[in-house]
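# Residue-level structure breakdown
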Amino acid sequence: MLSNLVTDHHRHRVRLRKSFIDAGTLDAADDRPDAEREVIGRQRLAILAQAVAELPPRCRECFVLRRFEGLSHAEIANRMRISTSAVEKHLAAATVYCARRVKAND
């Protein structure tokens, strides 16, 4: 009888250990993007790139300097020789346009 209890206890521990291993494997797999998410992300990025390309030249330059090069409003204003207020207006227009284009394709 003692032998059976030890065997049962051992089997229970093995099953428990396997379930933790399986659950850990599932969590790791969930953290990585699946193929569908990757495709959707690439499509959204392509739409955003197209939207940026469609912006008027000064608006596009302002947007790229801010979003991709990380320049401040004052730095953009100095580089483009426009007022900080103009920078803010260009950025607002570009952001609204790009957001609408991406949302329209969701």
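Residues numbered from 1 in each chain as written. Predicted model: local features only at pLDDT ≥ 70, side-chain atom pairs only at ≥ 80, totals over all residues. Heavy atoms only, no water.

## A word on the nonpolar core
So the rule is basically this: Take the buried Ala, Val, Leu, Ile, Met, Phe, Trp, Tyr and Cys residues and link them wherever side-chain atoms come within 4.5 Å; each set so joined is a nonpolar core. Throughout, exposure labels follow a simple rule: accessible area from a 1.4 Å probe, protein chains only, divided by the maximum for the residue type, with under 20% read as buried, over 50% as exposed, and the rest as partly exposed. The helix and strand labels rest on DSSP assignments: H or I over at least four residues marks a helix, E over at least two residues marks a strand, and numbering proceeds from the N terminus. Whether two residues are in contact is decided by their heavy atoms: any pair within 4.5 Å suffices.
In this structure, Cys-62, Leu-65, Leu-71, Ile-76, Ala-77, Met-80, Val-87 and Leu-91 together form the largest nonpolar core, which totals eight residues. Every element with two or more residues in this core is listed here: helix 3 (57-67), helix 4 (73-80) and helix 5 (84-104). The element best represented in this core is helix 4, accounting for three residues. Each residue touching Ala-77, except ones within four places of it in the same chain, is listed here: Ile-82, Ser-83, Thr-84 and Val-87. Of all hydrophobic cores here, the second largest spans seven residues; its members include Ala-51, Leu-55, Cys-59 and Phe-63.

## Considering the packing of aromatic side chains
Any two aromatic rings considered together are summarised by their centre-to-centre distance and by the angle between their planes. Definition in use: Classification of ring pairs rests on two measures: the distance between centres of Phe, Tyr or Trp rings, Trp counted by its six-membered ring, which must be within 6.5 Å, and the angle between planes, read as stacked under 30 degrees, edge-to-face over 60 and tilted in between.
This structure, assessed with the given rule, holds one aromatic pair. Centre to centre, the rings of Phe-63 and Phe-68 are 6.2 Å apart; their planes meet at 80°, and the pair counts as edge-to-face. For Phe-63, a relative accessible area of 6% translates into the label buried.

## Re the confidence of the model for the protein
Spelled out, the test is: Residue-level confidence of the predictor, termed pLDDT, takes values from 0 up to 100.
The share of residues in the protein with pLDDT of 70 or more is 69%, and the mean pLDDT across the chain is 81. The weakest mean pLDDT in the protein belongs to helix 1 (residues 2-31) at 55; the strongest belongs to helix 4 at 97.

## Let's talk about helix 3
Rule in force here: Regarding the arc, it is the one traced by the directions from the helix axis to the C-beta atoms.
Turning to helix 3, its buried residues are Cys-59, Cys-62, Phe-63 and Leu-65. All buried residues of helix 3 project into a common sector of 165° when viewed along the axis, lining one side. On its buried face, helix 3 is in contact with helix 2 (35-54), helix 4 and helix 5.

## Structural notes on unusual backbone geometry
Leave glycine aside and you will find that most residues have negative phi; peptide bonds, for their part, are mostly trans. Although it is not a glycine, Arg-81 adopts a positive phi angle of roughly 60°. Locating Arg-81 in the fold gives a position in the loop between helix 4 and helix 5. Judged by its relative accessible area of 76%, Arg-81 is exposed.

## Section: the pattern of salt bridges
What counts is decided by this rule: Salt bridges, as used here, are contacts in which a Lys or Arg side-chain nitrogen is within 4 Å of a carboxyl oxygen on Asp or Glu.
Under the defined criterion, the tally for this structure stands at three salt bridges. Across the salt bridge formed by Glu-38 and Arg-42, the nearest N and O atoms sit 3.2 Å from each other. Linking Glu-38 with Arg-42, this pair stays in helix 2, spanning four residues, or about one helical turn.

## Examining helix 2
Here is the rule we go by: Residue count minus one, scaled by 1.5 Å, sets the expected span of a helix.
When the terminal C-alpha atoms of helix 2 are compared, their 29 Å separation across 20 residues agrees well with the 28 Å that a helix rising 1.5 Å per residue should span. Here the buried face of helix 2 lies against helix 3 and helix 5.

## Overview of the packing of helix 3 against helix 4
Keep this limit in mind: Lines fitted to the C-alpha atoms define the axes, with helices restricted to the stretch that makes contact. Angles between their N-to-C directions range from 0 to 180 degrees. Note that the term roughly parallel is reserved for angles under 35 degrees, roughly antiparallel for angles over 145, roughly perpendicular for angles of 65 to 115, and oblique for everything else. Whether a crossing is left-handed or right-handed is set by the direction in which the near helix is turned from the far one by less than a right angle, anticlockwise for left-handed and clockwise for right-handed. The classification used treats Ala, Val, Leu, Ile, Met, Phe, Trp, Tyr, Cys and Pro as nonpolar, Asp, Glu, Lys and Arg as charged, and all other residues, Gly among them, as polar.
It is the contact of helix 3 with helix 4, at a shortest axis distance of 10 Å, that shows an interaxial angle of 140°. The pairing of helix 3 with helix 4 is recorded here as oblique in orientation. For helix 3 against helix 4, the interelement crossing comes out right-handed. Counted together, Arg-58, Glu-61, Cys-62, Leu-65 and Arg-66 of helix 3 and His-73, Ile-76, Arg-79 and Met-80 of helix 4 form the full contact between these two elements. A class-by-class count of the residues in the contact of helix 3 with helix 4 yields four nonpolar, one polar and four charged.

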